[in-house]
Amino acid sequence: QESDLDLAASLRHPPAPQGPSAMLARCTSYVPRHARAMSTAASKVKVGFLGLGNMGGHMANNLLKAGHAVAVYDPTEAAVERAVAAGATNAGSAVAAAKDADFLVTMLPTTQSVIDTFDAVLGECKEGSLLIDCSTIDPIATQKLSAKAASMGRRVIDAPVSGGVGGAEAATLTFMVGGSDGDFEASKTVLQSMGKNIVHCGGAGTGQVAKICNNLILGISMSGVSEAMNLGVKLGIDPKTLAGIVNTSTGRCWSSDTYNPCPGVIDTAPASRGYTGGFGSALMRKDLKLAADAAAGVGAPIPVGKASLEAYDRICEEGYAGLDFSSMYRYVSENTRK
């Protein structure tokens, strides 16, 4: 999940210190995780990192583990303190994090927060630096940002991620990269420290295209698994038995076999810890809206996707926005008519 807080409001006026995927289509280029072993001391670089939410905090930590010098900024002081305790430098502002960086990584919650951040930092980045946006945002906005950066002599790639909080912590993320061949190759210096698969999807914006298509499927599948698991439980079957059957049958999918939304089925899933610490329902709604807007722009029908978007709209309005997106199960369970 991207940072749950919007950096945009505090870019130029940061707060004063207050004390201590499995779905991916085959794209054009692929870097397996074992390639990370090729890194040498000479590849250690200065990295600015903006956005230390559930995903970004772990990603920054893995850059530190790889030996990179990491300067961080997030408006949430506690998130910054955790990164500093792991060895990062507190840059104090987004601009300060960007100025000295060889690479600037952004992991932000919305299209607008990325636009505002880039407006603030593009003119401050040093010559030759590469900006890597790992947020999930509108592909058209990404293309416009890339063009603006190029006009200023700056380099930008989009590199949204898949793999969830667990993948961010374990450095097994998949990165879907849109940008030039040269910038894709350069990005491996840092992306290999945070992920397992680095996939070159094409030019600017294509990483975002891959991501919103992936999350369109994810939102639909989680909705379906939640409904099916609830139906089975209400009809009297043990949820672990049902999940075991689904996971060895044609209904098998990541939403069931890895991230099952029914509490107690998978001990490590957010459902078994009160739907905390995962990918928020509000973020799933955002990603489904991005897919719906993109589909409308090209005239591609997505009737099931729209139904899933409507379902996430509903649960977010009813208090589930901050819970993991698998809380769709809790919603349908609690709203089953007696």
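Because the structure is predicted, anything quoted here is derived from the model rather than measured.

### Notes on the nonpolar core
Formed by 36 residues in total, the largest nonpolar core has its most connected members in Met-229, Met-284, Tyr-312, Phe-325 and Met-328. Residue assignment for this core shows that the elements contributing at least two residues are α8 (206-234), α9 (239-246), α11 (281-298), α12 (303-320) and α13 (328-334). In terms of residue count, the dominant contributor to this core is α11 (seven residues). Setting aside anything within four residues of it in sequence, one finds Met-284 in contact with Asn-215, Leu-218, Gly-219, Phe-279, Tyr-312 and Phe-325. With 34 residues, the next largest nonpolar core counts Val-47, Met-55, Val-70 and Ile-198 among its residues.

### Considerations on unusual backbone geometry
Look at Ala-171: it is not a glycine, yet its phi comes out positive at around 60°. Locating Ala-171 in the fold gives a position in the loop between α6 (164-170) and β9 (173-178). By relative accessible area, Ala-171 is classed as buried at 5%. Here Tyr-275, not a glycine, exhibits a phi torsion of approximately 60°, which is positive. Along the chain, Tyr-275 falls in the loop between α10 (254-257) and α11. Taking the relative accessible area as the measure of exposure, Tyr-275 reaches 2% and is therefore buried.

### Some words on the packing of aromatic side chains
Counted by the stated rule, this structure contains four aromatic pairs. Seen in terms of ring centroids, Phe-279 and Phe-325 are 5.8 Å apart; in terms of plane orientation they differ by 85°. Their pairing is edge-to-face. You can see Phe-279 sitting in the loop between α10 and α11 and its partner Phe-325 sitting in the loop between α12 and α13, a full 46 residues away along the chain. The interplanar angle of 85° and the centroid separation of 5.8 Å between the aromatic rings of Tyr-320 and Tyr-331 together place this pair among those described as edge-to-face. With Tyr-320 in helix α12 and Tyr-331 in helix α13, the pair connects residues that are eleven residues apart, well separated along the chain. Tyr-320 gets classed as buried once you look at its relative accessible area, which sits at 7%. For Tyr-331, a relative accessible area of 10% translates into the label buried. Grouped by ring-pair contacts, the aromatic residues Trp-254, Tyr-259, Phe-279 and Phe-325 constitute a single cluster.

What counts and how
- Residues numbered from 1 in each chain as written.
- Predicted model: local features only at pLDDT ≥ 70, side-chain atom pairs only at ≥ 80, totals over all residues.
- Heavy atoms only, no water.
- Core = buried A, V, L, I, M, F, W, Y, C linked by side-chain atoms within 4.5 Å.
- Buried < 20%, exposed > 50% of the residue type's maximum accessible area, 1.4 Å probe, protein only.
- Helix = DSSP H or I, 4+ residues; strand = E, 2+ residues; numbered from the N terminus.
- Contact = heavy atoms within 4.5 Å.
- Phe/Tyr/Trp six-rings, centres within 6.5 Å; stacked < 30°, edge-to-face > 60°.

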